[in-house]
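Listed below, chain by chain, are the residues.
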Amino acid sequence: MPLRSSGARGELPRTGWAVWLALLLAALLVGVLASVQPLLAGGLTALMVLLAGLARVWSRLSQFALGFIGVSLIGYAFLGKGYSYIGVPPLFVGEMALGLGLLALWRVGTVGVRHYRGLLALLGVFLFIGLINTVPYIGLYKIDALRDGVTWLYAAFALIVAGLLLRLGWLERVTAQYARLIPWFLAAAPLSFIVFKLFEKVIPAWPGSDTPLLYPKGGDIGVHLAGIVAFLLLGLHHRFTPPERRRSWHEWLWWGLILLGILATSESRAATLAIVASGAFIVLLRPRSGWGRPVYLVAVLLTLLIATNFKVNLGGQRDISAEALLLNVQSIAGDSGSDVREGTRTWRLNWWNDIVDYTVYGPYFWTGKGYGINLADSDGYQVYEDHSLRNPHNGHMTFLARSGVPGFLAWTALQLAFGVCLLRASARARAARNTLWANLNLWIFAYWAAFLVNASFDVYLEGPQGGIWFWCLFGFGLAALETQRRQFARSDSPASPSALPVPTALKES
């Protein structure tokens, strides 16, 4: 049985007969007018084509919306921040995806999550607190309030993705697409990062913007590498890759590209920690995962790099080297001995302490400073002449500073509940001897944790390349939890492996 819910349907009801009758009558009218008023007939023909296209899109709006979101996620992963500037200000591709997704969810009429309504309730509280801390500031800060407000508004993607995945039954299909994209991302990620570092000034920018077409960040790449590491360690690539496309040497190549990606992003402390945390979660929670091969490759690579004193500088303050990678790991726990790393670490800690002082112990306990104000300017930590820095390099602190203690607690409770649900679902599946569901939940957990780790060191969830990806993964997790619960509830004997769902289309040969 594939990974799909019992209520899933491949498509929504077709367009009503009234629309097609209207198009038929219009076609007859065009035929009559063609000999008398050819210009008018041509205009009506164009209108008919447009209406037919809209009718087709409307009949498959769920598929179209989810596909558009998927394409956007690929764009954010491969192009980074550069992809987010497609569009006309203030309507960019992220806002288009959000609007289309909400329209599709409205047409579906329900999110479809029945067994995890507690998570939906916590998500609703989080959205409500964000709303009441944004609306009062729109008159004062105008577009800035709306721009900062997307930090919480992106959570709507969780509802959209969960609702549409459950409606269409595309959980297995989306996971298989992710598996197909792994080698492409592994090949492109380190190359795009190096190209950006070397040729940043000559990469063309989007029209009406000074942002390059290609704008990857080490932390962003590190999060997706962490997700891929977890996917491979759990062996999910074997389950979601067709047998005819599997080669024994592919996995060795993938792990080699992963190590190259880790080395390329070694200047980013957040990237290093996200990847390490993801792998550590899998090794601790799933001790029998196939971690011997990557450990061997890491040991060989680090030995070679240290022995040859390999070092590359792409124009920044930090080198790409094994030493830089080790300094990142050391600086996470304590003093790394590097002035650059310790300087940024001290700057962050001071800012975070100030936020705690004026919220937890200060006048902004209940409301925070709201969405719209430039926190870097207000708190005295602005580092750019154009005042482009607006939030602390920590998404959790952003919620505390802007939504106060209630908003921070709502955010924390939602994430803790989601993580616990994933771990409990994984344990339930493992007790039922269903390794597919158990590993799928662990993968989502490790990927989700990598997002939170990177968000602790960078302005990540506040932007579309991080925020939209994070909440879409959250929605994917909701759909997975709900689908597993439905399938286990339908099983007559949950302890019997033969009665549990295994994607027959993707069985190993």
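Conventions and cut-offs
- In this numbering scheme, every chain counts its residues from 1 along its sequence in written order.
- Local features are withheld for residues below a pLDDT of 70 in this predicted model, meaning they are given only at 70 or higher, and side-chain atom pairs are given and counted only at 80 or more; totals for whole chains, interfaces and linings count all residues.
- Hydrogens are left out, water is left out, and the side-chain values use all remaining heavy atoms of the structure.
- In DSSP terms, a helix is any run of H or I states spanning at least four residues, a strand is any run of E spanning at least two, and both are numbered starting from the N terminus.
- By the convention used here, residues are in contact when the closest approach between their heavy atoms is within 4.5 Å.
- Two rings from Phe, Tyr or Trp (for Trp, the six-membered ring) form a pair when their centres sit within 6.5 Å of each other. Planes less than 30 degrees apart are called stacked, planes more than 60 degrees apart edge-to-face, and all others tilted.
- Each residue's exposure class comes from its accessible area (1.4 Å probe, protein chains only) as a fraction of the maximum for that residue type: buried when under 20%, exposed when over 50%, partly exposed otherwise.
- Whether a charge sits over a ring depends on NZ of Lys or CZ of Arg being within 6 Å of the ring centre and within 35 degrees of the ring normal.
- Pairs of N or O atoms within 3.5 Å make up the polar contacts considered here, provided that, within protein, one atom can donate a hydrogen while the other can accept it, and that residues adjacent in sequence are counted only when both atoms are side-chain atoms.
- Any Lys or Arg side-chain nitrogen located within 4 Å of an Asp or Glu carboxyl oxygen qualifies as a salt bridge.
- Lines fitted to C-alpha atoms define the axes here, with helix axes fitted over just the stretch in contact, and angles between the N-to-C directions of these axes take values from 0 to 180 degrees.
- Here the word oblique covers every angle except those under 35 degrees (roughly parallel), over 145 (roughly antiparallel) and from 65 to 115 (roughly perpendicular).
- The hand of a helix crossing depends on one turn: near helix anticlockwise from the far one by less than a right angle means left-handed, and clockwise means right-handed.
- All residues other than Ala, Val, Leu, Ile, Met, Phe, Trp, Tyr, Cys, Pro, Asp, Glu, Lys and Arg, Gly among them, are scored as polar; the first ten of these are nonpolar and the last four charged.
- In this description, a nonpolar core means a group of buried Ala, Val, Leu, Ile, Met, Phe, Trp, Tyr and Cys residues linked to one another through side-chain atoms lying within 4.5 Å.

Chemist: What is the right way to look at the environment of Gly467 in this model?
Modeler: Considering the arrangement of structural elements, one finds Gly467 in helix 20 (residues 464–490). Along the backbone, Gly467 and Thr151 are 316 residues apart, and their C-alpha atoms lie at a distance of 6.9 Å. Setting aside anything within four residues of it in sequence, one finds Gly467 in contact with Tyr154, Tyr460 and Leu461.

Chemist: Would you mind showing me how to read the packing of aromatic side chains here?
Modeler: Applying the stated criterion across every chain yields a total of 34 aromatic pairs. Both rings, one in Phe470 and one in Trp471, keep their centres 5.0 Å apart while their planes meet at 80°; by these two values the pair is edge-to-face. Judged on exposure class, the residue Phe470 and its partner Trp471 are both buried. Cation over ring: Lys81 sits above Tyr215, and NZ or CZ is 5.4 Å from the ring centre. Between Arg485 and the ring centre of Tyr116, over which it is positioned, the NZ or CZ distance is 5.8 Å.

Chemist: How do you make sense of the side chain of Thr134 when you look at a structure like this?
Modeler: Considering the arrangement of structural elements, one finds Thr134 in the loop between helix 5 (117–132) and helix 6 (138–141). A relative accessible area of 3% places Thr134 in the buried class. A polar atom in the side chain of Thr134 sits 2.8 Å from the side chain of Trp152. Leaving out residues up to four positions away in the same chain, Thr134 has contacts with Ala145, Gly149, Trp152 and Tyr371.

Chemist: Which parts of the structure should I look at to understand the pattern of salt bridges?
Modeler: Where charged atoms from two side chains of opposite charge come close, those side chains can pair. All chains considered together, the criterion is met by six salt bridges. Its salt-bridge partner being Asp458, residue Lys217 comes within 2.9 Å of it at the nearest N-O pair. Separated by 241 residues along the polypeptide, Lys217 in the loop between helix 9 (171–199) and helix 10 (218–233) and Asp458 in the loop between helix 19 (435–455) and helix 20 bring together distant segments of the chain. A residue is classified by how much of its surface remains accessible, and Asp458, at 12% relative accessible area, is buried. Salt bridges sharing common partners tie together Asp148, Arg390 and Arg402.

Chemist: Please explain the side chain of Asn454 as it appears in this structure.
Modeler: Take Asn454: it is sitting in helix 19. Contacts of Asn454, omitting those with residues within four sequence positions, involve Gly219, Asp220, Val223, Ala270, Ala271 and Tyr460.

Chemist: Quick question: what am I supposed to make of the packing of helix 19 against helix 20 here?
Modeler: Working note: a packed helix pair is described by the angle between its axes plus the distance between those axes. At a closest axis distance of 10 Å, the pairing of helix 19 and helix 20 adopts a crossing angle of 160°. Judged by the angle between their axes, helix 19 and helix 20 are roughly antiparallel. Here helix 19 and helix 20 pass one another in a crossing that is left-handed. From helix 19, Trp437, Asn441, Trp443, Ile444, Tyr447, Trp448, Phe451 and Leu452 reach across to helix 20, where they touch Gly466, Trp469, Phe470, Leu473, Phe476, Gly477, Ala480, Leu481, Thr483, Gln484, Gln487 and Phe488. For the contact of helix 19 with helix 20, the per-class residue count stands at 14 nonpolar, six polar and no charged.

Chemist: Would you explain the nonpolar core in this entry?
Modeler: Looking at soluble globular proteins, one finds that nonpolar side chains tend to be buried together. Ranked by internal contacts, the top residues of the largest apolar core, which has 115 residues, are Phe126, Phe157, Trp443, Ile444 and Trp471. Looking at this core element by element, the count peaks at 17 residues for helix 19. Filtering out sequence-adjacent residues up to four positions away, Phe157 remains in contact with Ile69, Gly94, Ala97, Leu98, Ile468, Trp471 and Cys472. With 13 residues, the next largest nonpolar core counts Trp352, Ile355, Tyr358 and Ala401 among its residues.

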